[in-house]
Structure formats: structure tokens, C-alpha cells
Amino acid sequence: MKTTMRSLIGVLTAMLGCLLCRPAEAQDFYAGKTVKITASSDAGGGYDIYARLLARHLTKYLPGLSSAIVQNMPGGGGLRGARYVYQTAPKDGTEFGEVHATAMLDSILGVAGKEIDPAKFVWIGSMASDTDVCSYWHTTGIRTFKDMHDRDTVIGGVGKSTQSFTFPNIINHVLGTKMKIILGYNGTGDRLTALERGEIAGSCGINGSTLMSVGQRQIESGELLPVVQSGLRPHPSLPNVPLTQSFAQTEEQKTILEVIFSQMEIARVFAAPPELSPERSADLRGAFMKAMADRELNAEADKMKISIIPMAGPEVQVLIGRLAATPDDLKAKIIAANAE
């Protein structure tokens with residue numbers, strides 16, 4: 001009886017040890033370490049704002065972590081940062097990055113970043129779904145999508161591989177709008193200044209969350225007018241601004257636009273390098289979702305007037321897999337829609 005009891009105690013002790021080993025491993029691994037988060041954009045923009053917000057609160061949820069810092073790596077419409085995370089960043093759980101969903105769709109379509117397989121990233125999670133807003137300065141007289149369709153307008157963009165070019169270019173091709181896109185602007189702030197100076201009439205390629213954060217004064221004053229937004233659902237702060245695909249005249253037009261705009265469901269998404277171990281993947285995904293529920297993080301987001309609408313890593317992995325499975329004939333139509 002004593003032997004049996006001693007054996008049972010031994011088994012229970014071993015089982016308890018296994019249950020407790022994962023948190024101990026996580027604590028041992030991250031103790032004293034720094035996690036680096038790559039932001040695939042310049043400092044001060046929407047992507048950077050979200051990355052820094054996450055970094056400020058991530059240390060609470062990775063036991064023993066000393067600090068989390070953001071390193072900016074702009075270039076190629078987010079492709080430079082994505083390449084770094086995919087090819088170069090350590091695969092040990094100490095680095096992950098913000099990855100532009102636009103760059104991932106380009107990779108899936110074979111337009112750019114062919115050396116990247118988005119399905120092989122370990123997707124950590126997305127901080128928010130969003131929309132891409134086309135807005136115009138009040139003096140231009142552009143008030144509706146019909147105005148955009150009927151009148152020639154000049155809008156500002158950053159580069160050909162960025163959302164500020166690809167989205168309005170696709171809207172032009174699919175729906176017949178007449179936006180002339182002038183490139184070379186340095187992000188959102190530069191374009192807002194250009195609008196105020198009268199250099200350009202409007203701008204697409206600014207996320208709803210960013211627009212409501214850095215352009216709120218101009219919107220509230222009536223100087224900047226959001227006309228349409230591109231995404232699968234309206235931004236919470238712009239419920240009455242119509243969705244671009246609502247102006248589609250055919251099912252094919254609607255399908256093309258919905259595939260392209262589905263990337264806005266993961267507008268603030270983070271990924272770790274391929275081949276990250278299941279243990280470290282679980283650590284980062286768990287810490288990410290705990291941070292999304294953190295009261296202090298959400299209070300800070302409210303003050304900055306940005307939305308937290310999280311999607312867990314496994315859900316992102318499914319969405320990316322679905323995009324990667326886009327039929328070749330539809331890919332060809334999407335590529336044709338984005339031709340210059």
C-alpha cells in the first residue's frame with residue numbers, strides 16, 4: 001500500500017511538474033532579454049504608432065522580459081521590413097515585426113516580394129481592422145463618389161508599392177474614377193500639409209484609424225471630407241462614409257474589390273519569422289492577446305483616438321491562407337486591375 005501510494009504521489013508530482021514547466025520555460029527564456037519589434041514604416045505614422053503602443057505594454061505579459069523596443073525599417077511599401085522579418089530576424093522569439101498586409105497581398109499575387117511566402121510567417125495577431133479612406137479638401141468641391149467619378153482630381157501618394165498608390169489606382173481601373181496620383185510624399189503628415197497648401201485635392205491610402213488620429217482637427221472643422229472608405233466594414237468612427245465596393249456595377253467588380261480590401265481586416269498585423277518554435281509562438285501569441293485586453297493599453301489608445309479591434313494569430317493565419325488560395329484567374333484580374 002505504501003509503495004502504491006508512493007508511486008501515485010510520484011506520478012502526480014511529475015504531472016504537476018509538466019503543467020508548470022511552460023511558464024517556467026517562458027520566464028527563464030525571456031528573463032533579462034529585450035524583444036525587438038520591426039515597424040515597416042517611418043516613425044510617427046499609423047503603423048509606427050501601433051507598434052510602439054504594443055511595445056510599451058508587452059513586457060507585462062512575457063515573464064522576465066526586460067524591455068521591448070521598436071526599430072523602424074521603411075522601404076518598398078513595407079516590403080523591406082517584411083523581408084527582414086522573414087529572412088534575417090532571429091528565429092528564437094526575440095524579434096517579430098509589423099508587416100503591411102498590402103505587401104503580403106502583393107507577394108501572394110506575385111507582383112512583388114516573390115521570395116516571401118506569407119503563409120510561412122508565424123502570425124502573432126492583428127491589433128485592429130481598419131479601412132483605407134479617400135478624402136478631399138473642402139475647397140475642391142468633391143463631396144461624393146459621383147464627384148470622384150465625374151471629375152478629374154489630383155491626389156497625393158507615397159510610392160507605387162504603397163497603399164496610397166495601389167488602392168486609388170485599382171479604384172480608377174475597376175470603378176472608373178479619375179484620380180491622378182502624384183507620388184513622392186513622405187507619409188500622412190506630408191500629404192495633409194499638401195492638402196492645406198492646395199498642392200493636391202485629396203488623398204487615398206490613409207487608414208481610418210490614422211486619419212481620425214492625426215487628421216481629426218481638419219475633419220471636425222469640415223476642412224477635410226472623407227468621401228469613401230475601402231475595407232470589408234466601415235471604420236467605427238466613420239459609419240456614414242460609404243464602402244468603395246458598394247459602387248460596384250457587377251459581381252466581378254465587387255469580388256475583385258473585396259479580395260483586395262480584405263487585407264484591411266488585418267491592417268495592424270504582426271508576424272514572427274518562419275520556423276519559430278511552437279513554444280515561442282505560443283508565448284508571443286498569448287502575450288499579444290493579453291496586451292490587447294490590457295486596460296492601460298486601451299486607455300492609451302482611446303487618448304490617441306485609435307481603435308483596438310484585435311484578431312488572434314491563428315485567425316490571421318487562416319485569413320492569409322485563404323488569400324494565398326486565391327484562384328489564378330482571379331489573381332490575373334486583380335493584377336490587371338492594378339496595372340498602370
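Residues numbered from 1 in each chain as written. Predicted model: local features only at pLDDT ≥ 70, side-chain atom pairs only at ≥ 80, totals over all residues. Heavy atoms only, no water.

1. Remarks on helix 7 (residues 187-197)
Item 1. Of the residues making up helix 7, those classed as buried are Thr 188, Arg 191, Leu 192, Ala 194 and Leu 195. One side of helix 7 carries all its buried residues, which in axial view fall inside an arc of 160 degrees.
Item 2. Remark: Gly 198 follows helix 7 within two positions and exhibits a positive phi of approximately 85 degrees. (Buried < 20%, exposed > 50% of the residue type's maximum accessible area, 1.4 Å probe, protein only. Helix = DSSP H or I, 4+ residues; strand = E, 2+ residues; numbered from the N terminus. Arc of directions from axis to C-beta.)

2. Remarks on the confidence of the model for the chain
Item 1. On average, the chain scores 89 in pLDDT, and the residues at 70 or more come to 92%.
Item 2. Here residues 1-24 is a poorly scored stretch, pLDDT under 50, and it has four contacts once near neighbours within four places are set aside; other chains count. (pLDDT = per-residue confidence, 0-100. Contact = heavy atoms within 4.5 Å.)

3. Regarding the packing of aromatic side chains
Item 1. In the structure shown here, the tally under the stated rule is seven aromatic pairs.
Item 2. When the centroid spacing of 4.2 Å and the interplanar angle of 15 degrees are considered together, the rings of Phe 145 and Phe 247 count as stacked. In this pair, Phe 145 sits in helix 5 (residues 145-150) while Phe 247 sits in the loop between strand 9 (224-230) and helix 10 (251-261), placing the two residues 102 residues apart along the sequence.
Item 3. By relative accessible area, Phe 145 is classed as buried at 8%.
Item 4. Ring centres of Phe 167 and Phe 261 lie 5.1 Å apart, and the angle between their planes is 55 degrees; on these two criteria the pair is classed as tilted. Here Phe 167, found in helix 6 (residues 163-175), pairs with Phe 261, found in helix 10; they are 94 residues apart in sequence, far enough to count as distant.
Item 5. Judged by relative accessible area, which is 1%, Phe 167 ranks as buried.
Item 6. Here Phe 261 falls in the buried class, since its relative accessible area comes to 0%.
Item 7. Counting every residue linked through ring pairs, the aromatic cluster contains Tyr 86, Phe 121 and Trp 123.
Item 8. In this arrangement the basic side chain of Arg 268 is found over the ring face of Tyr 47, its NZ or CZ atom lying 4.7 Å from the centre. (Phe/Tyr/Trp six-rings, centres within 6.5 Å; stacked < 30°, edge-to-face > 60°. Lys NZ or Arg CZ within 6 Å of the ring centre and 35° of its normal.)

4. Looking at the sheet that holds strand 2 (residues 67-72)
In a beta sheet, neighbouring strands pair by backbone hydrogen bonds and run either parallel or antiparallel.
Item 1. The mixed open sheet is built from six strands, whose spatial order is 2-1-3-10-4-11. One side of each edge strand has no neighbouring strand; the edge strands of this open sheet are strand 2 and strand 11 (311-312).
Item 2. Pairing between strand 3 (residues 95-98) and strand 10 (residues 269-272): two bridges, direction antiparallel. Each bridged residue has a counterpart across the sheet, and for Gly 97 the counterpart in strand 10 is Ala 271.
Item 3. In this fold helix 11 (residues 278-292) packs onto strand 3, strand 4 (122-126), strand 10 and strand 11, with an angle of close to 5 degrees to the strand it touches most, strand 4. (Pairing = 2+ DSSP bridges. Axes fitted to C-alpha atoms, helices over the stretch in contact; angles between N-to-C directions.)

5. Comments concerning the environment of Leu 105
Item 1. One can find Leu 105 in helix 4 (residues 101-109).
Item 2. As for Leu 105 and Pro 118, which are separated by 13 residues in sequence, their C-alpha atoms are 8.5 Å apart.
Item 3. Excluding residues within four positions of it along the chain, Leu 105 makes contact with Val 259, Ile 260 and Gln 263.

6. What to know about the state of the cysteines
Item 1. Within the structure shown, the criterion is met by one disulfide.
Item 2. Between the sulfur of Cys 134 and that of Cys 204 lies a disulfide, 2.0 Å long from S to S. One disulfide, between Cys 134 and Cys 204, carries an S-S torsion of 110 degrees and so falls in the right-handed class. Pair noted here: Cys 134 is in strand 5 (residues 132-137) and Cys 204 is in strand 8 (residues 202-207), with a separation of 70 residues, a long-range link. (Disulfide = S-S within 2.5 Å.)

7. Here's the deal with the side chain of Arg 268
Item 1. You can see Arg 268 is positioned in the loop between helix 10 and strand 10.
Item 2. Within polar-contact distance, the side chain of Arg 268 engages the side chain of Thr 210 at 2.8 Å.
Item 3. Arg 268 has contacts with Gly 46, Tyr 47, Tyr 50, Gly 125, Ser 126, Met 127, Ala 128, Asp 130, Asn 207, Ser 209 and Thr 210, leaving out every residue within four places of it along the chain. (Polar contact = N/O pair within 3.5 Å; in protein donor to acceptor, adjacent residues only side chain to side chain.)

8. Digging into the nonpolar core
Item 1. Among the nonpolar cores identified, the biggest contains 54 residues, and Met 104, Phe 121, Trp 123, Tyr 136, Met 148, Ile 260 and Ile 266 are the most heavily contacted of them.
Item 2. With residues up to four places along the chain from it excluded, the contact list for Ile 260 reads Leu 105, Phe 167, Ile 170 and Ile 334.
Item 3. Grouped together as the second largest cluster of nonpolar side chains are 33 residues, Val 122, Phe 270, Ala 291 and Ile 306 included. (Core = buried A, V, L, I, M, F, W, Y, C linked by side-chain atoms within 4.5 Å.)

9. As for unusual backbone geometry
Item 1. For Glu 275, which is not a glycine, the phi torsion comes out positive at approximately 70 degrees.
Item 2. Given the relative accessible area of 68%, Glu 275 is considered exposed.
Item 3. A positive phi angle, near 60 degrees, is found at Lys 305, a position not held by glycine.
Item 4. Inspection of the secondary structure puts Lys 305 in the loop between helix 12 (295-304) and strand 11.
Item 5. Assessed through its relative accessible area of 42%, Lys 305 is described here as partly exposed.

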